[in-house]
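# Geometric and topological summary
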Number of protein chains: 2
Amino acid sequence: MKAIIANQPGGAEQLAVTERPKPEPNQNELLIKIKAAAVNRTDIINRQSESGYLNIPILGVEVAGIVEQAGTETTIQPGTRVMGLVNGGGYAEYAVMPANRAMKIPENLSFEQAAAIPEVFLTAYQTLFWHGRLAESEKVLIHAGGSGVGTAAIQLAKQISNAQVLTTAGSQEKLDFTKSLGADVCINYKEQTFDDDVLQSTENHGADVILDFIGASYWRKNMNSIAVDGRWILIGMLGGAQLEEVSLWELMSKRIQLTGTLLTPRDDQYKADLTAEFVSKALPLFKYEKVRPIVDQIFSFNEVQQAHEHMEGNKNIGKIILKVD
Amino acid sequence: MKAIIANQPGGAEQLAVTERPKPEPNQNELLIKIKAAAVNRTDIINRQSESGYLNIPILGVEVAGIVEQAGTETTIQPGTRVMGLVNGGGYAEYAVMPANRAMKIPENLSFEQAAAIPEVFLTAYQTLFWHGRLAESEKVLIHAGGSGVGTAAIQLAKQISNAQVLTTAGSQEKLDFTKSLGADVCINYKEQTFDDDVLQSTENHGADVILDFIGASYWRKNMNSIAVDGRWILIGMLGGAQLEEVSLWELMSKRIQLTGTLLTPRDDQYKADLTAEFVSKALPLFKYEKVRPIVDQIFSFNEVQQAHEHMEGNKNIGKIILKVD
């Protein structure tokens, strides 16, 4: 089968379409005929890294496609349209997926739309509701509102918790888009000091939950923005990882919960549990079109280099998809 | 009635016994005839502070005594022996207590023992189980094992979760004592590097939960000691509050949850909810003597200066009690 690997650690130019043997599912897995895969920052890290933190040479952690073969201990029938997380191997014609991570694709969605769901919506769900415990009508600050996880989180926070959603982005186009998804307060971080805006828009309450993809460069302003008893979820470090001065007293006096998290390296059981809860609590919202997958651009399988460059240029609003068929 | 206040912000010499009017309970409160009150670091901070972060001049946040008068909307009868948190005013002959925070004193305990329970056992319960989510057979690192909260946490972690309990203290006497309470690994922080011991004693797993009273000076070693998916609860800063260097990458890659918390400034509803859960899950352990309040020393009401100095000298193992009657 065709599959995409990095010839050696490096830039997008290292990506190449190659031939690999078709994987074989064990008794708890499905063999998926892939129709679409999505591009994630994890793939870029994996492409650049000497070790590859997923232990598989074929890139890609999420796919949508059709079940071709089902392990003996699974209950999903061949022919079923499914989407979900894979343990690497997603940029290919076929991949195996643990059956307890496969989600049936709602009928109103295409494969390209479906491939845009698992990683970002599961991450948004995990961070907002498991770590952030976002409650009815609370206030949530979602940075990088135009990103894949950002666009997913804005919608879920609004639809599931009726939260007041505050978001930051770096262009008017992205801000307008986050507004169309339901964000209440849209802040251009290049023009405004977001902590002032957050406090003003929340009558000095601050944000009960912060989704932070930025890290060091936003630390001070996030600390100013967060409410007493706030939950601050760190899921990216686009603005650096090194802090030079931190006051633990601020963490204590505001009773802040700061959680660092990642989805991809977690174990199979965690992903299965998260998927199961997501299917019951969030997937119906797609069927009724209260929530929608956000596809930025669809690239053909052979255009994978351009797809990675597009993500690295931070130009996308929502997900970048590779069409496999 | 007799009551203890600080004449002006300052050292223990500012503490004085004075006359104050007896407080009057509202419909949801109890008037308690106090038999014993306990000394807390909060009282020292309050004594030293210009503003007093409790808005009442009489010191003291926990008492044990007898209900003298019950508000019309309470169900506890006058004459009942109770213990619990008060919103200041504990160093006195009488205090009012919200009725939903009053815990009936188990018959096998004296008033002095009972006064040693609320603050430290509720704090230990809150941090271990609400913030730390300490699960069956997990590994917990409890710093300041000889302190009030430390001695409470060692017992609760062992009895409720059957956890592997690792603890640090600064003298052999304190270490022996923590051992007698059930601690599995007792580390003298003056003689050993605790992170090495924690990793060795847990087969490199690390601590799933850390109760940290120390802050800055232990930061690096706590980071080394904590397990992946570990919960790190910051409840004191005896070793300073200012960190000079923090790597957010460590927080993310280990998926750490760092929570700053305090009990005293929390609102009435929180304290009521915590008390209710503690009464149902932990109080029976006292009745069956699986868990015991740790009284270091009992001072008379007039010896309050010595009582404060004793705590400031870090000499106590367990609680320092003021006998009121």
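Residues numbered from 1 in each chain as written. Chains lettered and ligands numbered in written order. Predicted model: local features only at pLDDT ≥ 70, side-chain atom pairs only at ≥ 80, totals over all residues. Heavy atoms only, no water.

Time to look at the nonpolar core. In terms of nonpolar packing, the biggest core is built from 146 residues, with A:Phe278, B:Leu156 and B:Phe278 touching the most fellow members. Not counting chain neighbours up to four residues away, the residues in contact with B:Phe278 comprise B:Met103, B:Ile117, B:Phe121, B:Leu122, B:Tyr125, B:Leu156, B:Leu283 and B:Phe286. (Core = buried A, V, L, I, M, F, W, Y, C linked by side-chain atoms within 4.5 Å. Buried < 20%, exposed > 50% of the residue type's maximum accessible area, 1.4 Å probe, protein only. Contact = heavy atoms within 4.5 Å.)

Let us look at helix H6 (residues 194-201) of chain B. Residue and element names in this part refer to chain B. Residues Phe194, Asp195, Asp197 and Val198 constitute the buried set of H6. The buried side chains of H6 occupy one side of the element, clustering within an arc of 160 degrees when seen end-on. Taken together, the buried residues of H6 touch strand S8 (139-142), strand S9 (164-169), strand S10 (185-188), strand S11 (207-212) and helix H7 (219-225). Directly after H6, the chain includes Glu203, whose backbone phi takes a positive value near 50 degrees. (Helix = DSSP H or I, 4+ residues; strand = E, 2+ residues; numbered from the N terminus. Arc of directions from axis to C-beta.)

Our next topic: the interface of chain A and chain B. The interface is formed by 31 residues belonging to chain A together with 31 residues belonging to chain B. Among the residues of chain A in contact with chain B, A:Leu248, A:Met252 and A:Arg255 are the three that bury the most area, contributing 28% of the side total. In this structure, the connection of chain A to chain B is made through 2 salt bridges. The partner of B:Asp229 in a salt bridge is A:Arg266, with the nearest N and O atoms 3.1 Å apart. The interface formed by chain A and chain B contains 12 residue pairs in polar contact (both at pLDDT 80 or more). Where the side of chain A that touches chain B is concerned, the elements lending two or more residues are strand S12 (226-234), strand S13 (242-243), strand S14 (246-247), helix H8 (248-253) and strand S15 (257-260) of chain A. (Buried area = accessible area lost by both parts, 1.4 Å probe. Salt bridge = Lys/Arg side-chain N within 4 Å of Asp/Glu carboxyl O. Polar contact = N/O pair within 3.5 Å; in protein donor to acceptor, adjacent residues only side chain to side chain.)

Let's shift gears to the packing of aromatic side chains. Any two aromatic rings considered together are summarised by their centre-to-centre distance and by the angle between their planes. With the rule as written, the count across this model stands at 16 aromatic pairs over all chains. Measuring from centroid to centroid gives 4.9 Å for A:Phe121 and A:Phe286, while their planes differ by 75 degrees, and the two rings are edge-to-face. Remark: A:Phe286 occurs in helix H10 (residues 283-287) and A:Phe121 occurs in helix H3 (residues 118-131); sequence separation between them is 165 residues. A:Phe286 shares its class with A:Phe121; the two are buried. Centre to centre, the rings of B:Tyr189 and B:Tyr218 are 6.3 Å apart; their planes meet at 70 degrees, and the pair counts as edge-to-face. Residue B:Tyr189 is found in the loop between S10 and H6, and its partner B:Tyr218 is found in the loop between S11 and H7; the two are separated by 29 residues along the sequence. Taking the relative accessible area as the measure of exposure, B:Tyr218 reaches 11% and is therefore buried. The ring centre of B:Phe111 lies 4.9 Å from the NZ or CZ of B:Arg81, which sits over that ring. (Phe/Tyr/Trp six-rings, centres within 6.5 Å; stacked < 30°, edge-to-face > 60°. Lys NZ or Arg CZ within 6 Å of the ring centre and 35° of its normal.)

The next subject is unusual backbone geometry. Residues and elements named next belong to chain A. With phi around 65 degrees, Asp229 is a residue other than glycine that occupies positive phi space. Structurally, the position occupied by Asp229 is in strand S12. Looking at Asp229, the relative accessible area reads 28%, which means it is partly exposed. Phi is positive for Arg255, close to 55 degrees, though the residue is something other than glycine.

A few words on the domain arrangement of chain A. Residue and element names in this part refer to chain A. Annotation of chain A at the domain level lists domain 1 (2-117 + 264-323) and domain 2 (121-260). The C-alpha-based centres of domain 1 and domain 2 are spaced at 27 Å. On the domain 1 side of the interface with domain 2, the three residues burying the most area are Leu274, Phe278 and Ile317, jointly 28% of the side's total. Taken together, the connections running from domain 1 to domain 2 amount to 0 salt bridges. (Domains from an automatic or database assignment.)

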